[in-house]
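One-letter residues, chain by chain:
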Amino acid sequence: MMALKIEMLRAFCTVAQTGNLSEAANRLGRTQSAVSMTLKQMEDHLGKKLFEGERKNQLSPLGAQVFELAQQQVRRFDQTVQSIELAAEAAHGLLQIVSVPSVAALVFPAVLEHMTARHPGLKVELRDTDSQEVLDALAEGKADIGIASGYHPLNGVKAVPLFEDRFGLVCSTAHPLYRQKTVPTIADVTGASFVRNALCDLIRNERFVEASSKADITIHNTHSLITMVRTGKWVTVLPQTVARFMPEATAFRPIADLPDKRAVYLYQRERSRFAALTEECCNFIQFCDLSGEPG
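Read on for a plain summary of the structure. Computed from a prediction, not measured in an experiment: that's the story for all the values here.

Looking now at the layout of surface pockets. Space inside the largest pocket adds up to approximately 990 Å³. Lining the largest pocket are 33 residues; nearest its centre among them are P101, S102, L199, H220 and T222. Contributions of two or more residues to the lining of the largest pocket are made by α5 (101-118), α6 (131-139) and α10 (222-230). Here the lining of the largest pocket gets six residues from one element, more than from any other, and that element is α10.

What follows is the structure in structure tokens.
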């Protein structure tokens, strides 16, 4: 039986993204008939249609599921190829670091300056993503160093606490909750036009969990979340470190009855190709001033 191959998944994803065979073929550098044949082979293998009709501009229910899964695999494959090529070129060493975005913005500039100054010719691969992807990269050997929210035991990976930062209200400086004299409460925040985000899942406070579970809107992308907040119509809850990089007209305030903090951990693969470089980099990161707490 024919096996699904990465280039078949790539062709399918490109057609699904563009909505037509001609544009997909141009992007892939293949003929339209070759792309069409690839899709037919996939559908024959699966025994079901991936598109509604013949125009390729509407996914079938199965096609929608396959598209989501295929995108993930194509992205991971490309990242793996890039890492392999970097490793092959890394005569003077290679560091692969993956971090949650809020900490990456603090860590990456300092790490680059420090490590490249001390080790000319060092190859460095930096990537920011969510905590689960950080853990996956470590487990799959695609990263030597990871920074993620929370403690998650991984075989062959050492984890040490890096810092904690308090959760609080993030809103526009024009929002009533920012301007009110009293410190806002959980009821104040979740009673407004509240938007949940993935980091809210780290909060264990029972009142917050119950109230936030009723939110109608959840946004996972931090940039999109802040854009919503800047309109002055919406509020959210984020760790204080994230607030360091918010644009003007947005602000962070503590929440009176929400003492919860996010714990951020530094993860280090115990067996890496360039163990001494990895150790040096981890030691440097641990001495960086990363906490979002004042003072």
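A few words on empty space enclosed by the protein. All told, the structure shown has one cavity of 30 Å³ or more when counted by the stated rule. A volume near 50 Å³ is recorded for the largest cavity. The wall of the largest cavity is formed by R76, Q79, R127, E133, D136, A137, E140 and K142. Within the residue set of the lining of the largest cavity, elements represented by two or more residues are α4 (61-89) and α6. The residue inventory of the lining of the largest cavity, partitioned by class, reads one nonpolar, one polar and six charged.

All right, on to the pairing of strand β3 (residues 145-149) then. By the criterion of burial, β3 is predominantly enclosed, with five of the five residues buried. Of the two faces of β3, both are covered, the one formed by I145, I147 and S149 as well as the one formed by G146 and A148. One ladder, built from three bridges, connects strand β1 (residues 94-99) with β3; its direction is parallel. Within the sheet, the bridge partner assigned to I97 lies in β3 and is I145. Pairing geometry for β3 and strand β9 (residues 261-269), over five bridges, is antiparallel. Its bridge partner being in β9, S149 is matched across the sheet by V264.

This part covers the packing of helix α2 (residues 21-28) against helix α3 (residues 32-46). Running from N to C, α2 and α3 cross one another at 105 degrees; their axes reach a closest spacing of 8 Å. With respect to each other, α2 and α3 are oriented roughly perpendicular. Residue-level contacts link L21, S22, A25 and L28 of α2 to Q32, V35, S36 and L39 of α3. For the contact of α2 with α3, the residue count by class is five nonpolar, three polar and no charged.

All buried positions along α6 are accounted for by S131, V134, L135, D136, A137 and L138. Measuring from the backbone nitrogen of Q132 back to the side-chain oxygen at the start of α6 gives 3.2 Å, which picks out D130 as the cap. At the exit of α6 stands G141, carrying a positive phi of roughly 75 degrees.

On to α10. Within the span of α10, buried status applies to L225, I226 and V229. Viewed end-on, α10 has its buried residues packed into an arc of 95 degrees, placing them on one side of the element. Of the surrounding secondary structure, the elements contacted by the buried residues of α10 are β4 (157-172), β5 (195-196), β7 (236-239) and β8 (250-254). Two residues or fewer past α10, G232 is found with a positive phi of approximately 85 degrees.

Cut-offs and rules
Residues numbered from 1 in each chain as written. Predicted model: local features only at pLDDT ≥ 70, side-chain atom pairs only at ≥ 80, totals over all residues. Heavy atoms only, no water. 1 Å grid on protein atoms, 1.4 Å probe; cavity = no way out; pocket = protein on both sides within 12 Å on 5 of 7 lines; lining within 4 Å. Points joined across faces, edges and corners; volume = space filled by probe spheres on them. Helix = DSSP H or I, 4+ residues; strand = E, 2+ residues; numbered from the N terminus. Nonpolar A, V, L, I, M, F, W, Y, C, P; charged D, E, K, R; others polar. Buried < 20%, exposed > 50% of the residue type's maximum accessible area, 1.4 Å probe, protein only. Pairing = 2+ DSSP bridges. Axes fitted to C-alpha atoms, helices over the stretch in contact; angles between N-to-C directions. Parallel < 35°, antiparallel > 145°, perpendicular 65-115°, else oblique. Contact = heavy atoms within 4.5 Å. Polar contact = N/O pair within 3.5 Å; in protein donor to acceptor, adjacent residues only side chain to side chain. Arc of directions from axis to C-beta.

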